[in-house]
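So you can see what is in the structure, the chains are spelled out below.
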Amino acid sequence: MQSTSEVKYSAGPFQPIDEQCEGCERIVEEESTSFCKTYMHPAAKWRMGMCNFATHVKPEIKVAKIRINPLKAAKRASSSRRG
Ligand code: SF4
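One structure accompanies this document, and this report is about it. Just so it is clear, the structure is predicted and the values come from calculations on it, not from any experiment.

A word on the overall build of the protein
What the protein contains, in helices and strands, is two helices and two strands. Listed N to C, the secondary structure of the protein is β-β-α-α in terms of helices and strands. Expressed as a percentage of the 83 residues in the protein, the buried residues total 13%. Excluding contacts between residues fewer than 6 apart, the proportion of contacts in the protein whose partners are at least 24 apart in sequence is 38%.

Observations regarding the site of the ligand
The immediate surroundings of the ligand are formed by 14 residues, with Cys21, Cys24, Cys36, Cys51 and Phe53 found nearest. Here the shell around the ligand is composed, by residue class, of 10 nonpolar, one polar and three charged.

Quick word on the pairing of strand 2 (residues 33-36)
Two faces, one strand: in a regular strand the side chains alternate between the faces of the sheet. Direction of pairing for strand 1 (residues 27-30) relative to strand 2: antiparallel, over a ladder of four bridges. Paired with Glu30 across the two strands is Thr33, which belongs to strand 2. Here strand 1 folds back onto strand 2 in antiparallel fashion, the turn holding two residues, of which Glu31 has a positive phi close to 50°.

Comments concerning the nonpolar core
The biggest cluster of nonpolar side chains holds nine residues, and these are Phe14, Ile17, Cys21, Cys24, Phe35, Cys36, Tyr39, Cys51 and Ala54. With residues near it in sequence (within four places) discarded, Phe35 still touches Tyr9, Phe14, Pro16, Ile17, Val28 and Glu30.

Focus: unusual backbone geometry
Although it is not a glycine, Glu31 adopts a positive phi angle of roughly 50°. Along the chain, the position of Glu31 falls in the loop between strand 1 and strand 2.

Quick look at the environment of Gly23
By the element assignment, Gly23 lies in the segment before strand 1. When the C-alpha atoms of Gly23 and Val57 are compared, they prove to be 8.8 Å apart, with 34 residues separating the residues in sequence.

What counts, and where the lines are drawn
- Residues numbered from 1 in each chain as written.
- Predicted model: local features only at pLDDT ≥ 70, side-chain atom pairs only at ≥ 80, totals over all residues.
- Helix = DSSP H or I, 4+ residues; strand = E, 2+ residues; numbered from the N terminus.
- Buried ≥ 20, exposed ≤ 12 C-beta atoms within 10 Å, placed from the backbone.
- Contact = placed C-beta atoms within 7 Å.
- Near = placed C-beta within 6 Å.
- Nonpolar A, V, L, I, M, F, W, Y, C, P; charged D, E, K, R; others polar.
- Pairing = 2+ DSSP bridges.
- Core = buried A, V, L, I, M, F, W, Y, C linked by C-beta atoms within 7 Å.

In structure tokens:
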């Protein structure tokens, strides 16, 4: 049985990667051109901000401080010690 999993990026509708894609793990190189194996139009992914598939950049996540009730935390700690 022949494998049909081989993808020919340069022959398909795939566009070469955007310069901002540099460093992303989803880049595949074919015939000395880099393509994204996830997205056909990499430049379009960056037009609206950062690419949400990018593996080399992470969005800034605002970590909200979670308020922990010290009494409840102490109770939880002591109950977990028992059981
Ligand atoms: S996943 Fe996004 S950042 Fe990575 S190569 Fe594709 S378009 Fe570029």
